[in-house]
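Now for the letters of each chain:
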Amino acid sequence: MSGIEVGIVAVLLMLALIYFGMHISIALMLVSFVAISTLRNPELATRMVAAAANDSLSSYLYGVVPLFVLMGLLVVISGVGRDTFDVFQWLTRRIRGGLGIATVGANGIFASITGISVASAAVFTKVAVPEMRRHGYTPKFSVGVVAGSSVLGMLIPPSLLMIVYGVLAEQSVGRMFIAGIIPGILLALIFCATIMLLSYLRPAFMMQGPAVAETRTADESLLGLALKLVPILALMLLVLGGLYSGFFTPTEAGGVGACGALLLALAKRRLNPSKFYQVLGETGHVAVSILFLILAASLYSRMLALTGLPMAIAQWVTAMDLTAYHFLFFYLLVVILMGCIIDSVSIMLIVLPIVLPIAQFFGMDLIWFGVITVVAVEIGLITPPFGISVYTVKAALNDRSVPVKEIFKGVVPFFVAMLVVLLILALFPVLSTYLAYRY
């Protein structure tokens, strides 16, 4: 078999193994090892596994992964998610669909610290859904707006997906963070516009009865609301301000943010030794799983380079005389479809080593390409049958009266909104690159 044939068989075999239930990192490493052994010999394959482990995980940059995960989990423990929602609930109390907009706004602020969509989905299921249900919102809309707006966690910086993309594409992680600001705000605004349109065009989808006249925070003082928002704004200023000013590297920003989140949790008296031990254990599980995936993806990339498959695909695309936008359309379609069955990080690890050379051939800016990749990958968080954010909401809700099917129905408007944002970002790259190259 030629190298290209081995590469094609390896990719198909890997997808088959994932489909039948093998863990993505194991499938990547197993297929890559067998392919390299077939092309060369088992000794070289063994040495490449060791080299991939050393080269991919010894970098100082990868320290950002556990630090941002730790910061996000400590923020969840501290309860600032509920406080942020209370503030936005008060601000939007006179707007139709106000609680839905409050959930989007609070999720956006919360996302700027956690960087983990699943964390946002879990927190706001507990905080926002009961409040919306109490005010007459339908169950499917209540859970749909939480699952839909949770995707902001992977676009608004800091974002774990931005870190993974920056490493794979050899782009500045700090620049990737900055590039996500305008698209993240745009997505949040489109979500809010979607909710307002639903409130006028499809009120039965949103409301099942008369809304309660007063919200829980209606009588709170402005000072009390401001005090609730100060902690998370201070943490945002500490982390993002230091990062964008160049005072911190991304890894240092993660360390400072984790320390700030720890002090915040202690100041609010929400952290005890048992909870802290639990947070450290969960941080280890999340970080190790991501780092092991990166290790496997490094070996996978080396295997693909050895087979010559990415270059062959690039030449094939060139011979088809496709335009850059033709390639982009098919690429985004494949990513969205893969999101139906595979998690976000895995999609990027599988696809990017193949498509990045093609994107460079078409002269695409890799910062912009990364932003639209993250948006397309995030659509997979709310699409069936995988839809990890949907299942996170279902698990956190613990309510049998709201089946998974209803949650998927509830996220349909937000799925459409994300497609609109993806189209806008694809047509206007400056929205993704303006801040990234200005600072």
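What exactly am I supposed to notice about the overall build of the protein chain here?
Counting its regular elements, the protein chain contains 23 helices and 0 strands. Radius of gyration (C-alpha) of the protein chain: 22 Å, near the 22 Å computed for a compact globule of 439 residues. Counting only residues that meet the buried cut, the protein chain has 55% of its 439 residues in that class. Once local pairs closer than 6 in sequence are excluded, the contacts in the protein chain between residues at least 24 apart make up 79%. Positive and negative side-chain charges in the protein chain, numbering 24 and 18 respectively, have mean positions lying 10 Å apart.

Looking at this structure, I do not really get a nonpolar patch on the surface. What am I missing?
Judged by side-chain polarity, Tyr 325, Leu 423, Leu 427, Phe 428, Val 430 and Tyr 434 come together as a nonpolar surface patch covering roughly 630 Å² of accessible area. Going through the elements one at a time, helix 22 (412–427) and helix 23 (430–438) are the ones with two or more residues in the nonpolar patch.

Please explain the pattern of salt bridges as it appears in this structure.
One side chain can pair with another of opposite charge once the charged atoms of both are near each other. Scanning the model with the defined rule gives 1 salt bridge in all. Glu 406 is the partner of Lys 409 in a salt bridge, and the nearest nitrogen-oxygen pair spans 3.4 Å. Note that Lys 409 and Glu 406 are positioned in helix 21 (residues 404–410) at a spacing of 3 residues, about one turn of the helix.

Teacher, can you tell me more about unusual backbone geometry here?
Most peptide bonds take the trans form, and the phi angle of most residues other than glycine is negative. One non-glycine residue, Glu 170, adopts positive backbone phi at about 55 degrees. Its location among the elements puts Glu 170 in the loop between helix 9 (160–169) and helix 10 (173–179). Judged by its relative accessible area of 72%, Glu 170 is exposed.

Which parts of the structure should I look at to understand the packing of aromatic side chains?
Two aromatic rings, taken as a pair, are described by how far apart their centres are and by the angle between their planes. Going through the model one piece at a time under the given rule, you end up with 9 aromatic pairs. Centroid distance Phe 327 to Phe 362: 5.5 Å. Interplanar angle 25 degrees. Geometry classified as stacked. On the criterion of sequence distance, the pair formed by Phe 327 in helix 17 (residues 324–338) and Phe 362 in the loop between helix 18 (344–361) and helix 19 (366–379) is long-range, its members being 35 residues apart. Consider the rings of Tyr 331 and Phe 369, whose centres lie 4.9 Å apart with planes at 20 degrees: the pair is stacked. Of the two residues, Tyr 331 sits in helix 17 while Phe 369 sits in helix 19, which places them 38 residues apart along the sequence. Of the two residues, Tyr 331 and Phe 369, both sit in the buried class.

Looking at this structure, how should I read the nonpolar core?
Among soluble globular proteins, nonpolar side chains are generally buried collectively. Of all hydrophobic cores here, the largest spans 154 residues; its most connected members are Phe 141, Tyr 331, Ile 350 and Phe 369. Top element by residues in this core is helix 15 (residues 273–307). It accounts for 13 residues. The contacts of Phe 141, once residues within four sequence positions are left out, are Gly 100, Met 132, Ile 195, Leu 198, Phe 205, Met 206 and Phe 414.

Please clarify how helix 22 should be interpreted in this entry.
Working note: α-helix, 3.6 residues per turn, so residues spaced by three or four point in the same direction. Spanning 16 residues, helix 22 covers 23 Å between terminal C-alpha atoms, matching the ideal 22 Å at 1.5 Å per step. All buried positions along helix 22 are accounted for by Pro 413, Phe 414, Ala 417, Met 418, Val 421, Leu 422, Leu 425 and Ala 426.

Explain the packing of helix 9 against helix 19 to me, please; I cannot follow it from the model alone.
When two helices pack together, you describe them by how their axes are tilted relative to each other and by the distance separating the axes. At their nearest, the axes of helix 9 and helix 19 sit 10 Å apart, and the two run at 135 degrees to each other. For the element pair helix 9 / helix 19, the angle class is oblique. Seen from above, helix 9 lies across helix 19 with right-handed handedness. Packed against helix 9, whose contacting residues are Leu 161, Met 162, Tyr 165 and Ala 169, the element helix 19 presents Leu 366, Phe 369, Gly 370, Val 371, Val 374, Val 377 and Glu 378 at the interface. Among the residues forming the contact of helix 9 with helix 19, the class breakdown is 9 nonpolar, 1 polar and 1 charged.

Can you walk me through the side chain of Thr 307 in this structure?
Tracing the chain through its elements places Thr 307 in helix 15. With residues near it in sequence (within four places) discarded, Thr 307 still touches Gly 3, Ile 4, Val 6, Gly 7 and Leu 39.

For this particular structure, what's the right way to read the packing of helix 18 against helix 19?
For the pair helix 18 and helix 19, the least separation of the axes is 11 Å and the interaxial angle reads 145 degrees. Helix-helix and strand crossings are classified by hand; for helix 18 and helix 19 the assignment is right-handed. Contact with helix 18, carried on its side by Ser 344, Ile 347, Met 348, Leu 352, Val 355, Leu 356, Ala 359 and Gln 360, involves Leu 366, Phe 369, Thr 373, Val 377 and Glu 378 of helix 19 and no other residues of that element. Of the residues contributing to the contact of helix 18 with helix 19, the split by class is 9 nonpolar, 3 polar and 1 charged.

Can you walk me through the confidence of the model for the protein chain in this structure?
Caution is warranted with low-pLDDT regions, since their predicted coordinates should not be read in detail. With 92% of its residues at a pLDDT of 70 or more, the protein chain shows a mean pLDDT of 81. In the model of the protein chain, helix 16 (residues 309–319) stands out as the element of lowest mean pLDDT, 72, in contrast to helix 22, which has the highest, 93.

What's the story with the environment of Met 48 in this structure? I'm lost.
By the element assignment, Met 48 lies in helix 3 (residues 42–57). Taking the C-alpha atoms as reference points, Met 48 and Asp 365, 317 residues apart in sequence, are found 30 Å from one another. If sequence neighbours within four positions are ignored, Met 48 has contacts with Ile 36, Leu 299 and Arg 302.

Before we go on, may I ask you to explain the side chain of Ser 142 in this structure?
Along the polypeptide, Ser 142 turns up in helix 8 (residues 139–149). According to the relative accessible area criterion, Ser 142 is buried, its value standing at 0%. There is a polar contact of 2.9 Å between the side chain of Ser 142 and the backbone oxygen of Thr 138.

Please clarify how the environment of Pro 203 should be interpreted in this entry.
The residue Pro 203 is located in helix 12 (residues 203–206) in this model. When the C-alpha positions of Pro 203 and Gly 97 are compared, they lie 9.3 Å apart, and in sequence the two are 106 residues distant.

Analysis parameters
Residues numbered from 1 in each chain as written. Predicted model: local features only at pLDDT ≥ 70, side-chain atom pairs only at ≥ 80, totals over all residues. Heavy atoms only, no water. Helix = DSSP H or I, 4+ residues; strand = E, 2+ residues; numbered from the N terminus. Rg over C-alpha atoms; globule rule 2.2 N^0.38 Å. Buried < 20%, exposed > 50% of the residue type's maximum accessible area, 1.4 Å probe, protein only. Contact = heavy atoms within 4.5 Å. Lys, Arg positive; Asp, Glu negative; His and termini not counted. Charge placed at Lys NZ, Arg CZ, Asp CG, Glu CD. Patch = residues over 30% accessible without salt bridge, like charges linked within 9 Å, V, L, I, M, F, W, Y side chains within 5 Å. Areas by Shrake-Rupley, 256 points an atom, 1.4 Å probe, with all protein chains shown as cover. Salt bridge = Lys/Arg side-chain N within 4 Å of Asp/Glu carboxyl O. Phe/Tyr/Trp six-rings, centres within 6.5 Å; stacked < 30°, edge-to-face > 60°. Core = buried A, V, L, I, M, F, W, Y, C linked by side-chain atoms within 4.5 Å. Expected span 1.5 Å × (residues − 1). Axes fitted to C-alpha atoms, helices over the stretch in contact; angles between N-to-C directions. Parallel < 35°, antiparallel > 145°, perpendicular 65-115°, else oblique. Left-handed = near helix turned anticlockwise from the far one by under 90°. Nonpolar A, V, L, I, M, F, W, Y, C, P; charged D, E, K, R; others polar. pLDDT = per-residue confidence, 0-100. Polar contact = N/O pair within 3.5 Å; in protein donor to acceptor, adjacent residues only side chain to side chain.

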